[in-house]
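# Results of the structural survey
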There are 2 protein chains.
Amino acid sequence: MVELDDTDLNILELLAEDSRRPYSEIADKVGVSPPTVSDRVDRLEEIGVIERFTLDIDRSTLRDGVGVLVDIHLQPGFETEVMENLAGVECVEHAFATADGHVVAKATVDETEIHSVLTQAVDTGRIVEYDVRLLVDSAWEPQIDGPDVGVACEECGATIDDGGVTVEVDGQTHEFCSSTCRTSYEEHLETIKQSA
Amino acid sequence: MVELDDTDLNILELLAEDSRRPYSEIADKVGVSPPTVSDRVDRLEEIGVIERFTLDIDRSTLRDGVGVLVDIHLQPGFETEVMENLAGVECVEHAFATADGHVVAKATVDETEIHSVLTQAVDTGRIVEYDVRLLVDSAWEPQIDGPDVGVACEECGATIDDGGVTVEVDGQTHEFCSSTCRTSYEEHLETIKQSA
DNA sequence: GCTGAAACCATTATAAG
DNA sequence: CTTATAATGGTTTCAGC
């Protein structure tokens with residue numbers, strides 16, 4: 001596992017939400033300068049964490065047909081090859097190869113199209129069994145849980161957006177939504193210390 | 001199905017390849033001006049074809065654990081609800097609900113984590129059966145096939161760029177790289193019809 | 001990882017087809 | 001109504017520290 005700090009994770013999360021977001025905006029939110037964001041993103045691409053900047057497209061608006069989940073049970077050892085072939089077919093969006101010799105693919109097809117998809121991508125002699133299930137819904141969650149995501153002000157509990165205040169006390173970082181809350185917190189801290 | 005012209009599809013294709021690509025570059029490639037690209041993208045977002053600009057992240061670099069495909073067979077009517085719950089869990093990237101009452105989810109988990117994922121997202125009383133399969137590989141293909149991208153002339157096989165000819169015969173659309181090829185094709189068609 | 005300067009880009013308003 | 005042009009305001013990148 002690659003070493004990523006909180007800044008990296010926050011950048012990833014913000015870009016996953018909107019990959020066209022300006023680096024300067026990201027810089028503000030994560031508390032670094034724009035060039036630093038640029039450097040981090042370059043590094044994340046280099047080490048392979050970011051595979052590409054892309055789009056989430058609603059394919060149901062693009063092509064006629066219905067969403068299906070195809071499960072193909074193959075003879076042993078062919079799952080990766082078949083998965084890659086299937087992934088290359090236009091109507092196939094996702095393909096998974098499992099250790100028990102199955103390939104599961106999500107595609108949008110016309111009813112008549114499904115068999116040609118299979119024969120086009122798969123040596124049918126290698127298919128032990130397959131089934132096609134109609135999809136009623138699907139979700140893709142590109143979001144990752146960053147470390148400081150939805151950070152709440154330690155004093156009032158509000159979500160901290162722009163204009164937050166960060167202070168370091170006894171080596172620990174504390175974040176507040178405003179300097180007012182920061183002051184309140186420090187008064188609390190005194191009270192706590194005294195009662196201890 | 002929404003009406004999209006070739007320009008829209010080309011823009012989508014280019015953005016799917018790299019969503020941070022400058023609009024001016026896209027404008028050059030598809031032969032319009034940058035403001036036009038901007039307008040088209042706005043429209044594609046409005047009508048829901050573009051759901052979001054996002055990232056393709058290699059999660060294996062982000063978290064320990066193995067990729068699994070979980071297939072849950074539920075009591076009828078619960079598939080969409082369960083799918084949505086599962087999609088909200090951090091380690092779940094994709095979730096599909098099928099018409100036959102299954103939910104299939106792709107997740108990255110520690111071996112010990114899988115049961116807590118299930119119980120967290122699913123009312124286990126609704127599960128008829130489930131299995132967890134180890135993944136060996138997976139692919140996501142955000143690419144879409146643009147309309148004229150690599151379309152071959154039906155007569156000579158050459159790639160059709162600007163200046164192609166489209167004709168409609170018996171309700172079917174045919175595309176040619178030039179009017180010469182279109183004429184040749186029509187002669188062929190006569191021959192075929194006569195021999196039939 | 002930051003600063004500042006220069007190059008670059010997206011967007012707006014405006015004009016033309 | 002759609003597209004192009006030009007100007008502006010903002011963004012990214014590159015040096016240098």
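All values reported here derive from a predicted model rather than from experimental measurement.

## Notes on the overall build of chain A
Of regular secondary structure, chain A possesses six helices and seven strands. Going from N to C terminus, chain A has its helices and strands arranged as α-α-α-β-β-α-β-β-α-β-β-β-α. Counting only residues that meet the buried cut, chain A has 44% of its 196 residues in that class. Partitioning the intrachain contacts of chain A with sequence separation of at least 6 by distance along the chain shows that 56% fall at a separation of at least 24. Carbon and sulfur atoms provide 44% of the accessible area of chain A, an area that totals close to 9,900 Å².

## Quick notes on the protein's contact with DNA strand D
In the neighbourhood of DNA strand D, the contacting residues comprise Pro22(A), Tyr23(A), Ser24(A), Pro35(A), Ser38(A), Arg20(B), Val32(B), Ser33(B), Pro35(B), Thr36(B) and Arg40(B). What you see for DNA strand D is that sugar and phosphate hold 76% of its atoms within 4 Å of the protein. Contact distances for DNA strand D include 2.6 Å between a phosphate oxygen and a side-chain N or O atom of Ser38(A). For DNA strand D, a phosphate oxygen lies 3.1 Å from a polar atom in the side chain of Thr36(B). With three residues, the top contributor of residues to the surface near DNA strand D is helix H3 (residues 34–46) of chain B. Here the residues of the surface near DNA strand D sort into five nonpolar, four polar and two charged.

## Some remarks on the pattern of salt bridges
All names here are of chain A. Under the criterion given, the structure shown has 20 salt bridges over all chains. In this structure, the salt-bridge partner of arginine 40 is aspartate 8, at a minimum N-O distance of 3.0 Å. Linking arginine 40 in helix H3 (residues 34–46) with aspartate 8 in helix H1 (residues 6–17), this pair joins segments that are 32 residues apart in sequence. Each member of the pair arginine 40 and aspartate 8 is classed as buried.

## Notes on the protein's contact with DNA strand C
In the vicinity of DNA strand C, the contacting residues are Arg20(A), Val32(A), Ser33(A), Pro35(A), Thr36(A), Arg40(A), Pro22(B), Tyr23(B), Ser24(B), Pro35(B) and Ser38(B). The side chain of Ser33(A) places a nitrogen or oxygen atom 2.8 Å from a phosphate oxygen of DNA strand C. Secondary structure elements with two or more residues in the surface near DNA strand C: H3 of chain A together with helix H2 (23–30) and H3 of chain B. Per element, the largest residue contribution to the surface near DNA strand C is three residues, and it comes from H3(A). In terms of residue class, the surface near DNA strand C is made up of five nonpolar, four polar and two charged.

## Some thoughts on the pairing of strand E2 (residues 66–74) of chain B
All names here are of chain B. Of all nine residues in E2, seven are buried, a share of seventy percent or more. Here E2 runs beside strand E4 (residues 102–109); their pairing, made up of eight bridges, is antiparallel. Within E4, the residue paired with aspartate 71 across the bridge is valine 104. Alignment of E2 against strand E5 (residues 127–140), held across seven bridges, turns out to be antiparallel. Paired with valine 68 across the two strands is leucine 134, which belongs to E5.

Calculation notes
- Residues numbered from 1 in each chain as written.
- Chains lettered and ligands numbered in written order.
- Predicted model: local features only at pLDDT ≥ 70, side-chain atom pairs only at ≥ 80, totals over all residues.
- Heavy atoms only, no water.
- Helix = DSSP H or I, 4+ residues; strand = E, 2+ residues; numbered from the N terminus.
- Buried < 20%, exposed > 50% of the residue type's maximum accessible area, 1.4 Å probe, protein only.
- Contact = heavy atoms within 4.5 Å.
- Areas by Shrake-Rupley, 256 points an atom, 1.4 Å probe, with all protein chains shown as cover.
- Near = heavy atom within 4 Å.
- Polar contact = N/O pair within 3.5 Å; in protein donor to acceptor, adjacent residues only side chain to side chain.
- Nonpolar A, V, L, I, M, F, W, Y, C, P; charged D, E, K, R; others polar.
- Salt bridge = Lys/Arg side-chain N within 4 Å of Asp/Glu carboxyl O.
- Pairing = 2+ DSSP bridges.

Any functional reading would require information that these geometric values do not contain.
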